[in-house]
Protein chains: 4
Amino acid sequence: MAVIIRNGKVATASDVYTADILIENGIIKEIGTNLPCDNHEIIDAQGKYVIPGGIDAHTHLNLDVGIAVAKDDFYTGTVAAACGGTTTIIDHMGFGPKGSNLKHQVDVYHGYANGKAVIDYSFHAVFQHVDKDILEEMKDIIAKEGISSFKAYLTYNYKLSDAEVLKILIRLKELGGVATVHPENDAAVNYLREYYSKNNMLSPIYHAMSRPVECEAEAINKMINLAAIAGNEHLYIVHLSCGLGLDYIKMASERGQKVYAETCPQYLLLGEEKYKEPNNEGLKYIMSPPLRKKQDQEKLWKGIIDGFIQVVATDHCPFDFHVEKQLGKEDFTKCPNGAPGIETRVPLLFSEGVSKGRISINKFIEVIATNPAKIFGLYPKKGTIAVGSDADIVIIDPDKEVTLTKEMLHENVDYTLYEGFKLRGYPVLTMVRGRIVVKENKFVGEAGYGSFIKRSSTLQNKSQ
Amino acid sequence: MAVIIRNGKVATASDVYTADILIENGIIKEIGTNLPCDNHEIIDAQGKYVIPGGIDAHTHLNLDVGIAVAKDDFYTGTVAAACGGTTTIIDHMGFGPKGSNLKHQVDVYHGYANGKAVIDYSFHAVFQHVDKDILEEMKDIIAKEGISSFKAYLTYNYKLSDAEVLKILIRLKELGGVATVHPENDAAVNYLREYYSKNNMLSPIYHAMSRPVECEAEAINKMINLAAIAGNEHLYIVHLSCGLGLDYIKMASERGQKVYAETCPQYLLLGEEKYKEPNNEGLKYIMSPPLRKKQDQEKLWKGIIDGFIQVVATDHCPFDFHVEKQLGKEDFTKCPNGAPGIETRVPLLFSEGVSKGRISINKFIEVIATNPAKIFGLYPKKGTIAVGSDADIVIIDPDKEVTLTKEMLHENVDYTLYEGFKLRGYPVLTMVRGRIVVKENKFVGEAGYGSFIKRSSTLQNKSQ
Amino acid sequence: MAVIIRNGKVATASDVYTADILIENGIIKEIGTNLPCDNHEIIDAQGKYVIPGGIDAHTHLNLDVGIAVAKDDFYTGTVAAACGGTTTIIDHMGFGPKGSNLKHQVDVYHGYANGKAVIDYSFHAVFQHVDKDILEEMKDIIAKEGISSFKAYLTYNYKLSDAEVLKILIRLKELGGVATVHPENDAAVNYLREYYSKNNMLSPIYHAMSRPVECEAEAINKMINLAAIAGNEHLYIVHLSCGLGLDYIKMASERGQKVYAETCPQYLLLGEEKYKEPNNEGLKYIMSPPLRKKQDQEKLWKGIIDGFIQVVATDHCPFDFHVEKQLGKEDFTKCPNGAPGIETRVPLLFSEGVSKGRISINKFIEVIATNPAKIFGLYPKKGTIAVGSDADIVIIDPDKEVTLTKEMLHENVDYTLYEGFKLRGYPVLTMVRGRIVVKENKFVGEAGYGSFIKRSSTLQNKSQ
Amino acid sequence: MAVIIRNGKVATASDVYTADILIENGIIKEIGTNLPCDNHEIIDAQGKYVIPGGIDAHTHLNLDVGIAVAKDDFYTGTVAAACGGTTTIIDHMGFGPKGSNLKHQVDVYHGYANGKAVIDYSFHAVFQHVDKDILEEMKDIIAKEGISSFKAYLTYNYKLSDAEVLKILIRLKELGGVATVHPENDAAVNYLREYYSKNNMLSPIYHAMSRPVECEAEAINKMINLAAIAGNEHLYIVHLSCGLGLDYIKMASERGQKVYAETCPQYLLLGEEKYKEPNNEGLKYIMSPPLRKKQDQEKLWKGIIDGFIQVVATDHCPFDFHVEKQLGKEDFTKCPNGAPGIETRVPLLFSEGVSKGRISINKFIEVIATNPAKIFGLYPKKGTIAVGSDADIVIIDPDKEVTLTKEMLHENVDYTLYEGFKLRGYPVLTMVRGRIVVKENKFVGEAGYGSFIKRSSTLQNKSQ
């Protein structure tokens, strides 16, 4: 069946213009004016923005962190994503049993997603050890599995050593894969956690104090220099939270090295004072890296404006405040790390960014859709509104006023970090491959409609 | 008559995708796949880039510099522009008789352009003095004449004082106009010219030495600070030539001030050693600011990549080497300032930028078309390929190899700065409002086809 | 008569050690341990710092600003200086009758100082116009008058144009003189003063708002670039008040250009909120440049630590709050600019700097004595404790606690900017050329004891 | 016996003045003019600089690197040092048998030095593992052994992990010790060495290529951030060779963190092109970090001028070119790392620095003597010319012209890196504690005259 979206303000990472969009077989077939209607379903978008569906390059559905399992699975999580204007996610898979090869978790995650996801999805592969076999296997993961990005952790149980990191950077350069990295200095984090534990400083604020900006920034800068040594030009820093890390990224850029950086709404909008909220509500914000200071938030916005930060993702990893998060009630080190956000990303960026005049509508689209698509090999199938692209389309009513509350959201968790935030502008329709899946904040899609998207090597996929 | 451009790689400042473009009445009516052909003219663009026509925001047609008159008028100049892939120019008008109001030159230039121009055009108004009447008149120049950008010179006979500059910055803020500025410290330039003259240092290299980077950079930084004081957010630096000036612009950006900057191909590709060429050929390169050092060129490319330089224009102002330029044979101070470039801008940026991998195709389009359109109020009529926009379209064959020579160019002047440059990629078709004006480097348009484009106040025209 | 200062902690810009100092004929004759006493006067300095007398490179005694005359003359002003631990001043002379040559004011100021000054002194010559005669006369001012530094104003009635500034920078390079400059953009200041006046915004805070940091910083950066063009390596920025100006100075240094900068205690310790004090007390702080923000203060301290600011002087120019300052009661533009500070500089820097751990005792001495002596050609006669140097010596009791009040000070003015400041460390003895002039905050010297110090060209006086 | 040095230009880190110096019992007893001579030995220093003896904070006498032993022991090495104007060294001890405690090597090195050294000396303790016992032992090493600085290696066999580094930084903060660190990323160095080995790229230039600036700079920046986390303010980077590392140090300083840095003459004066010299002469320059590029040398000089580099030491570690260095003839990885320099440091810095106008005489003294003394707790006993200080004095004839050759030097090794360097200015006399040990380049001292200097905790020794 064919659909025409009429008269919307079609917006891309560079343009805004008024037009009709004709969709056939899930693909954008024509963009034009006064397109003839012949039994098409008509969606009136007059006065509204018609934008490419959001791409969330950093989610953790089904994630098992040992002491708890993330509350959203590929059904509830993608329903929430869709309601918030996101049409594709790239999930960061969890670790498998000790010694697992890369394929193991790919299979597990296909099992999680298949028949469940309501929007399209991909995975980032994850290293839990590095040896000859793994380095060899990477080739097939890209070529056969269609997964061309890999995650390295510098902290937690499966952290990689410098030698291992170097090997994967060099291998990814050969294969054309993206190296995404969780950068925190493991030794420093461990030292500080022990220190605060020993001194009985266990309330949520010590979570932030045990992961100071230097922990993160040091690790970012290490990755930058190892990538330079490896000649790797596809280093991608996940969840950048601090100005110091950004400074290192800018320094690298000054000397001609390209580094991609992702931040998240929580680092743009919330500060570390949240950890001191009464009734242990600080537990809600326990995530790594932690929330930072006001000046960090300002520097991150500046980083988006200047193009040193290319992506805004979520790191969505939800636990109930009244259940799992309470594990940390007496001791922050016992609290599962992570917070929800998959549904609020696009609305927050639109309202706090575009409506408040911090960024243009084009920059907004760039960071929530176009750049993640380009960096991770989804483009031009995903990430823009162009003829031939998938009809992953979101309609935003720029004048709609919404007060965020847990109740209106679809995330399967008992709180939102943004309770009470007053937004101007909100998605009113979400379409995935031509099919409407959300209408006026109601999910109208179907489990299993989402499909896995194979992504190709960066060697075939060049864009600045 | 309607036209379909088939199967090209349609490129904008953010996208590249394969599609057909349907043009009716000079406007892009539809973009789609397999658009039905019904008596349309078909242009096959398979394997080629289909890009928005170039916009040259800095030309000097018909310019009378006192000792000489620029060799290109609105006919020859726009023919050359069209052949080089440019479909709109914004000309910087010359000064009128002493005491002229702003309208005077607008009328003169309409006289120059009307019936001559083969592509569309606009003008930048020019200040030759500032008083109450002029400040008052600015309102009508924008509202009635449709000219919303103004040029201030900080050197030459009609240079403005700091007090005058402040007044126009404040006035332009009120009215929503762009302040374009030629920044050079007049006192320093004069001092150095006198010094070299007195010491009989009169060959072309002393032109460069009499205008060191500090002359330009000082004036840029003055404008930045005066704009900050005035609260003016539409300051536009013309023909940035040096890294030091760029550093000041970046510093301003670091503290949250937006400043637009334009550079030109000559500053990206040619160095001051050119002034020492034998047989007085250095005269060819006498322009202000002068050519700089290798490291300046590198910093300017970096400035484009990082987005601190938004526009590449030409400052096209041609004089014959064997005639007018010879006035400077014995004394560089007698040589008319300026050089040709209106035809080579788009091909040079494509070949040196895109083909050599320095910038992406999207960044290329951004700086030669989209950004100038947005900054100067031509967008979205001009500057992109989108439904509803003017069908100002250029087709580039990315594999075409061309060696630049004076002979193949259409500029009405006896030399090119780029003689012998080997290019990969060249425009093969130029269309203005749906009409083909150049085909395979042959002009097939008509004098007077170009029309004057009114531009609106920046108050109505917001984009980042 | 000979004196021995026993057992003090002798401190210089690089050293601290315990020793005796033997003084004969006003000169430091020996430094040693257990120097034999033979009819010498003995001063016990056990547990105290023995430092070189302070040099205040920026005072305005007797200054006539048209609407008022500074309250301190060369007697009261130097008494206050001596009580505060300063043993030499370099006064910035006021302007003479229109058309005066440089010598005119030198004579006037010798008249002011002769028979009055109780400590040693020199003058900075001042430009009120620049022509051939003045450029010629500069030679004699240095060679015959022994005045090798010159002041240029970029604002106020006798401001110099860029062309004039260039001429003096070039001339000073030839002659080996220091170019001191009061940097503020005159047009911007005038525009803003008129603007606030017209809008009846006349209370003291508008003084600050009419001289924003960009006014000062722009002028600083202009001087930096003009000095670079002139090849002048002795540019000295007076009363730097803001971080932005410092940034330009650091940028210059990064590219290898040496620029000297002076700040004053008021810019290190007081913020613009002072202008809003009740009862019009904001008038006390009206000076140019005005007080700035907290972050400026922090950047200036950092500038001292890192060596980009070499000198702390006072710009001492006192008017009674209850008399002259009241001229500005209804309108800040009518208030004479300037504030007292000649007596509090050394104690404030010691207490806020050394006692609070911001700077070392060596850095303290460097900025209050050694650097001004070196930069302005007084060294090694003045500015250090070394054999052969003048015995200009101050003893500071690092443990003495003092609360600053108007009453305890000797400045001939009815207020201090630092009323109520609690200091730790205060001068307890001041000696000029071997003669004690202040003892425990009591002046025991004599009018006319101070003598004029001839200073030589920088060509003879090289130090980094 | 007492000595008077007559009429020299006595120079310190801040002053230069002409005076006599009276020395009794090895101590500077008086500095004065026309000191009475009463049976004293008189040294005429008219027209010459009298400076504090050089302090070389980085030597490796007797060092056993496994495949070779450094050719200079505490006799030959200190004779050479003395002839070059150095009067104190702080030797970086080698590693002991596996599992050795800190005291073990202290005893071994006392054995090496005792009865041999001809000038005074101290040691830096060296970590070869870190555990509870070592952390405990550190207290006694400082308090009882008088060794308050410790060396951590981030590469080579006994490299420390991040966790270990953090522990020692925190412990040193408590105890008041200096953390000196050899910063190179071990994994990267190993990877690159293997890579070049595997590819048979084994000539000396690959030594430089296997240790790119990023290896060093990454490790420097890691140390900076770990020190910030630890709150340690006494981090000291040894042998800084590159501009990128300096950039990180400056960034740290910008945010208020103090980091000390040392460079060496070879990094200031020699470039990586040396590795390509014919006849395998590149082996002479094999040291870690390697020689860098011209722009690195320039940035390092700038770092000295601006005060971001406080110390110039040597890393003296000599092997004969014709013997030990030949081990690397076929394979750079087999070549013992290190080069001689203990004798040439002071003359090179004077000639290339002071005589060539790059730095002032004061800055020269600061980096070769005063700063190392202050940082490492030798001051004011050592490092300056002041009453009460040890009479460690060097007389430099600023006009003496010397061409450096292996023959004229006293280092026990068959080459110098500086063969053929033409110097202006050379030491003509070296005195240690009042005793002349070198006269006109002839050693006249005696084995065993040098004594071990105990150094105290930085907690007692505060200076900026």
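Residues numbered from 1 in each chain as written. Chains lettered and ligands numbered in written order. Predicted model: local features only at pLDDT ≥ 70, side-chain atom pairs only at ≥ 80, totals over all residues. Heavy atoms only, no water.

Draft legend 1. Geometry of the overall build of chain A. For chain A, the helix and strand inventory stands at 12 helices and 17 strands. Sorting the 464 residues of chain A into buried and exposed places 68% on the buried side. The contacts of chain A with a sequence gap of at least 6 include a subset with a gap of at least 24, amounting to 76%. Computed over 52 positive and 59 negative side-chain charges, the inter-centroid distance for chain A is 2 Å. (Helix = DSSP H or I, 4+ residues; strand = E, 2+ residues; numbered from the N terminus. Buried < 20%, exposed > 50% of the residue type's maximum accessible area, 1.4 Å probe, protein only. Contact = heavy atoms within 4.5 Å. Lys, Arg positive; Asp, Glu negative; His and termini not counted. Charge placed at Lys NZ, Arg CZ, Asp CG, Glu CD.)

Draft legend 2. Structural context of the interface of chain B and chain C. At the interface, 24 residues of chain B touch 24 residues of chain C. Interface area, chain B with chain C, both sides summed: about 2,100 Å², of which 71% is carbon and sulfur. It is B:Y191, B:I229 and B:M251 in chain B that bury the most area against chain C; as a group they hold 24% of the surface buried on that side. Scanning the region where chain B abuts chain C turns up 0 salt bridges. Seen at the junction of chain B and chain C, the total is 6 residue pairs in polar contact (both at pLDDT 80 or more). Secondary structure elements with two or more residues in the side of chain B that touches chain C: α4 (162-175), α5 (186-198), α7 (213-230) and α8 (243-254) of chain B. The element best represented in the side of chain B that touches chain C is α7(B), accounting for 9 residues. A per-class count over the side of chain B that touches chain C returns 15 nonpolar, 3 polar and 6 charged. (Buried area = accessible area lost by both parts, 1.4 Å probe. Salt bridge = Lys/Arg side-chain N within 4 Å of Asp/Glu carboxyl O. Polar contact = N/O pair within 3.5 Å; in protein donor to acceptor, adjacent residues only side chain to side chain. Nonpolar A, V, L, I, M, F, W, Y, C, P; charged D, E, K, R; others polar.)

Draft legend 3. A look at the sheet that holds strand β11 (residues 235-237) of chain A. All names here are of chain A. What the 8 strands build is an open sheet, ordered β6-β7-β8-β9-β10-β11-β12-β13; its pairing is parallel. Single-partner strands in this sheet number two, and they are β6 (54-59) and β13 (311-312). Bridge analysis of strand β9 (residues 149-153) against strand β10 (residues 178-182) gives 5 bridges, and the strand direction is parallel. By the bridge assignment for β10, K151 is matched with T180. (Pairing = 2+ DSSP bridges.)

Draft legend 4. Highlighting the relation of the copies chain B and chain C. In the superposition of chain B on chain C (RMSD 0.0 Å, axial shift 0.0 Å), the rotation amounts to 180°. Such a combination of turn and shift is consistent with a two-fold rotation axis. Both copies present the same face, since 100% of the interface residues in chain B are matched by interface residues at the equivalent positions in chain C. (Least-squares fit on C-alpha atoms with pLDDT ≥ 70 in both.)

Draft legend 5. The arrangement of the environment of C:N101 in detail. Residue and element names in this part refer to chain C. Inspection of the secondary structure assignment puts N101 in the loop between β7 (86-92) and α2 (102-113). Residues N101 and N221, 120 residues apart in the sequence, show an inter-C-alpha distance of 28 Å. Once residues within four sequence positions are removed from consideration, N101 is found in contact with I134 and E137. Only 3.4 Å separates the side chain of N101 from the backbone nitrogen of K103, close enough to count as a polar contact.

Draft legend 6. Molecular detail of the packing of aromatic side chains. Residues and elements named next belong to chain B. For the structure shown, the criterion picks out 90 aromatic pairs over all chains. Taken together, a centroid distance of 6.0 Å and an interplanar angle of 55° make the contact between Y121 and F452 tilted. On the criterion of sequence distance, the pair formed by Y121 in strand β8 (residues 120-126) and F452 in the segment after β17 (442-443) is long-range, its members being 331 residues apart. Here Y121 matches F452 in class, with each residue buried. (Phe/Tyr/Trp six-rings, centres within 6.5 Å; stacked < 30°, edge-to-face > 60°.)

Draft legend 7. Spotlight on a nonpolar patch on the surface. Nonpolar side chains collect at one region of the surface, where A:V65, A:I67 and A:L327 lie side by side and expose about 240 Å² of accessible area between them. A:L327 sits in the partly exposed class, given a relative accessible area of 43%. (Patch = residues over 30% accessible without salt bridge, like charges linked within 9 Å, V, L, I, M, F, W, Y side chains within 5 Å. Areas by Shrake-Rupley, 256 points an atom, 1.4 Å probe, with all protein chains shown as cover.)

Draft legend 8. Summary view of the interface of chain B and chain A. Each side of the interface is counted separately: chain B has 35 residues, and chain A has 34 residues. Where chain B abuts chain A, roughly 2,600 Å² becomes buried across the two surfaces, and 43% of that area is made up of carbon and sulfur atoms. Remark: the boundary between chain B and chain A carries 2 salt bridges. Taken together, the connections running from chain B to chain A amount to 16 residue pairs in polar contact (both at pLDDT 80 or more). Listing elements by their share of the side of chain B that touches chain A, those giving two or more residues are β2 (16-24), β3 (27-32), α8, α10 (294-306) and α12 (361-375) of chain B.

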